[in-house]
Amino acid sequence: MDVPQIKKAAKVYDVVIVGSGAGGGMAAYQLSKAGATVALLEAGGYFDPADPKYINQLKWPYESPRRGAGTTRAFGDFDAAWGGWEIEGEPYSAVKGTEFHWFRSRMLGGRTNHWGRISLRMGPDDFKRRSLTGIGEDWPLGYEDFAPYYDKVDDLIGVFGSKEGLRDAPDGRFLPPPKMRLHEMMIKKAGKSIGVPVIPSRLSILTKPIHDRGGCFYCSQCGRACQAYADFSSSSVLCIPAVKTGRVTLINGAMCREVLTDAKTGLANGVSYVDVPTMTEQSVMGKVVVLAASTCETARLLLNSKSARFANGLANSSGVVGKYLNDSTGASRGAFIPALMDRKRYNEDGVGGAHVYSPWWLDNKKLDFPRGYHIEYGGGMGMPMYGFGFGMEGRNSLVPGRDGKPKEAGGYGASLKDDFRRFYGANIGMAGRGEPVPLESNYCEIDPNTVDKYGIPTLRFNYKWADAEIKQAKHMQDTFEEIIHAMGGIPLGKKPGPESNYGLEAPGKIIHEIGTARMGNDPKNSVLNKYSQAHDVKNLFIVDAAAFPSQGDKNVTWTILANSWRTSDYIIDQVKQKNI
Amino acid sequence: MKRRDSLKAITLSSLGFAGMNPQIAAAESITPPDVKPLKVPGGRQKFEAERDAKLNADKFFTPHELKTVTILGDIIIPADAKSGSASQAGTPAFIEFMMKDQPQWQTPIRGGLRWLDNVCMKRFDKKFADCLKAQQIEIIDEIAYPGKAKPEMSQGVAFFNSMRGLVATGFFTSQMGIKDLGYVGNTPNQWEGVPADVLKQYNLSYDE
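Residues numbered from 1 in each chain as written. Chains lettered and ligands numbered in written order. Predicted model: local features only at pLDDT ≥ 70, side-chain atom pairs only at ≥ 80, totals over all residues. Heavy atoms only, no water.

Asks: I'm lost on the interface of chain B and chain A in this one. Help?
Replies: A common measure of how large an interface is: the accessible area buried when the components associate. Listed as interface residues are 76 residues of chain B and, on the opposing side, 73 residues of chain A. Buried area between chain B and chain A, summed over both chains or domains, comes out near 6400 Å², and the portion from carbon and sulfur atoms is 59%. Across the contact surface, chain B and chain A share 9 salt bridges. We note a salt bridge from Arg66(A) to Asp101(B), for which the minimum N-O separation is 2.8 Å. The interface formed by chain B and chain A includes 40 residue pairs in polar contact (both at pLDDT 80 or more). (Contact = heavy atoms within 4.5 Å. Buried area = accessible area lost by both parts, 1.4 Å probe. Salt bridge = Lys/Arg side-chain N within 4 Å of Asp/Glu carboxyl O. Polar contact = N/O pair within 3.5 Å; in protein donor to acceptor, adjacent residues only side chain to side chain.)

Here it is as structure tokens:
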């Protein structure tokens, strides 16, 4: 059998970037605009939301044989993500009694193609958790370090919202927010009556066109990726423009194996990868290596980059790589709102996602759990997709029929058919997204027994929710019922209780994982310094959420973008000063 | 494959690039040759297009099962003044596809159909599809209302709940069903807020 030979490409790039999501896309954009030559490696294929080859936007459910069911795509047949929690030939495992679900998008732009576009800034207190509460960790940076970069990200990418002056949910440089839908006005009114604030969402969707991108045309389908580039995807807004500078070599199908290092200097000098279409071993050389493969993939890459000098994995003299893995908490509830039956029909698709949300409004010092959460809302007369009509037997006896008489649950025939019309658009949903407390005992590591189809050792997870998160989920459920009752609604299904951790989703299900190569001032308990530069390897940087010590309840994409931009500026500065 | 295309494939794959790089040659030798080229529709990944083609070529329901599914579908969603029936909207074909697409449906639905036939055989000495309309409705009435169904009919209730869901999804995600429901979105537009008459109806205002 032939031994695969590693062919070294002759060219040495100024920067090699691994991963084309929010972090890698922003670094490629900033560094190439500054004049650097960049090799941008992406494990998945090319993707351009405007190319008809890839477009699912504005398709009808009957254009899918499964009517949009999520058989091969977790969020439905038209969702933009290529990949999911399970990818054939790319396994991972969990230590018995623990659980983690790892969502990967293998495509240009990564998970930014299908994400919820929720673009929140972390607040001043989010960076100071240990100082303020005695548990968790402080960042080596504060809101004042991030504010100018959040501003620049707002201007470059675009985000709508409203000025509210809330300390914990800082305002940005907002485009105008879309008006509330009917059920959102009802939620706001109900929230007001019980002291839950409901304010315009903050989503990176262009309610006014900026730069060369189109404005939102209100189809509600951001999750399918936008052919007008009217929302933020790293593919459309960062990677494709970066490639247009002529200085970025995009290498799709590059599944990275290791970060290469110079045995003498200990510096990173490139990346080895499997070229997926040909299944050949390749490498690309660079003066600076930037990792943005996603929180867990970046940790895996570091841990797999072992050498005589870095026996514990690259940049891991602290032993912290892989540790403090944390995902947002999530719990949800649905409700039926009788007042919304027999609605007048009109197009209320709106933008992709809710037009309103509830930022955290309480003081954890007065509660039995240490961290807050925000609430996202759903509902409306949306496009019927797979799943429509299931469970009618749990609803159609809750209110009298058209004739005013009580109705037996379930049924069939003309009367049932009419019920589907009557109940259409009368459901709402709410979902809490909370801040977890990062723990050393929640981590990913290299599985000693398993490799993927490329022969790359895989990850094994060890993750358990703690009391803090379970109590937070309980509080979410209580709040959801309060809001539903204040709306005159009827909660659907049984209220989740202790038997299900109050409906707390399994770790990884919210896809907000961070923390596996956290930054800090002390090289003994952190991997990166405050410039996301490895303590151990000065020309190695990490610009995805692996770098973050904590995440607030703030859906970290906007912070990834800001931090990647800040790190890119630092790289440019250090190269100019000849420090790297 | 057209002869011109097959010549092109031979040139590029078997003789051209493969001859130049031993790594690629080694990788290709473990890849089975494509039987026929498949056109990947827009928005699909190649593996999805291949999977769909295979599922569409397979058959799951027997003619008798499909006939029963069709009758049940039209009992659940019949034609009325506003729109047609489940079968007129193509629902049986959708349910057939789902059996293959999500195989966890196969046992409950196939088994449920047999359960139904068995109940009908015992009572009417005929399978459900061969029963008179009144006999069919007599049985359906015993499984369509979970709140008042007899305990011995519980498996039938569970089966009918699944069928009700599948038929409703199939119908209301069809062109006919969407029109019936009155969903008027999925088209470029400007969102100007809730119409004034609706605000008035709900006694709401944007100025609050």
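Continuing now.
Asks: I keep staring at the sheet that holds strand E4 (residues 93-94) of chain A and nothing clicks. Help me out?
Replies: Sheet strands line up and pair through hydrogen bonds in the backbone, either parallel or antiparallel. All names here are of chain A. Read across the sheet, 3 strands follow the order E4-E16-E15 without closing on themselves; strand pairing throughout is mixed. Edge positions in the sheet fall to E4 and strand E15 (443-451), since each of these pairs with one other strand and no more. Here E15 pairs with strand E16 (residues 457-462) via 5 bridges, running antiparallel. Across the sheet, residue Cys 444 finds its bridge partner in E16, namely Phe 461. (Pairing = 2+ DSSP bridges. Helix = DSSP H or I, 4+ residues; strand = E, 2+ residues; numbered from the N terminus.)

Asks: Explain the packing of aromatic side chains here, please?
Replies: Between two aromatic rings, the relevant description is the distance of the centres plus the angle of the planes. Going through the model one piece at a time under the given rule, you end up with 38 aromatic pairs over all chains. Here Tyr386(A) and Phe390(A) contribute two aromatic rings whose centre-to-centre distance is 6.1 Å and whose plane-to-plane angle is 50°, an arrangement assigned as tilted. The exposure class assigned to Phe390(A) is partly exposed, which follows from its relative accessible area of 23%. Each member of the aromatic cluster is reached from another via a ring pair, and the members are Tyr92(A), Phe100(A), Trp102(A), Phe461(A), Tyr463(A) and Trp465(A). Sitting over the ring of Trp102(A), Arg104(A) keeps its end group 4.6 Å from the ring centre. Above the ring of Tyr206(B), the side-chain terminus of Lys179(A) is found at 5.0 Å from the ring centroid. (Phe/Tyr/Trp six-rings, centres within 6.5 Å; stacked < 30°, edge-to-face > 60°. Buried < 20%, exposed > 50% of the residue type's maximum accessible area, 1.4 Å probe, protein only. Lys NZ or Arg CZ within 6 Å of the ring centre and 35° of its normal.)

Asks: It is not clear to me how the domain arrangement of chain A should be interpreted in this structure. Could you clarify?
Replies: Residue and element names in this part refer to chain A. If you check the domain split of chain A, you get domain 1 (1-45 + 103-117 + 120-158 + 232-321 + 513-580) and domain 2 (48-81). Summarising the inter-unit geometry, the C-alpha centres of domain 1 and domain 2 are found 30 Å apart. Residue-level contacts link 8 residues of domain 1 with 7 residues of domain 2. Interface of domain 1 and domain 2: buried area, both sides summed, is about 550 Å²; carbon and sulfur atoms make up 78% of it. Considering only the surface of domain 1 that becomes buried against domain 2, Phe 103, His 114 and Ile 240 emerge as the three largest contributors, covering 59% of it. Between the two partners, domain 1 and domain 2, sit 0 salt bridges. Inspection of the region where domain 1 meets domain 2 yields 0 residue pairs in polar contact (both at pLDDT 80 or more). Counting residues per element, the side of domain 1 that touches domain 2 draws most heavily on helix H5 (residues 234-244), at 3 residues. Here the residues of the side of domain 1 that touches domain 2 sort into 3 nonpolar, 5 polar and no charged. (Domains from an automatic or database assignment. Nonpolar A, V, L, I, M, F, W, Y, C, P; charged D, E, K, R; others polar.)

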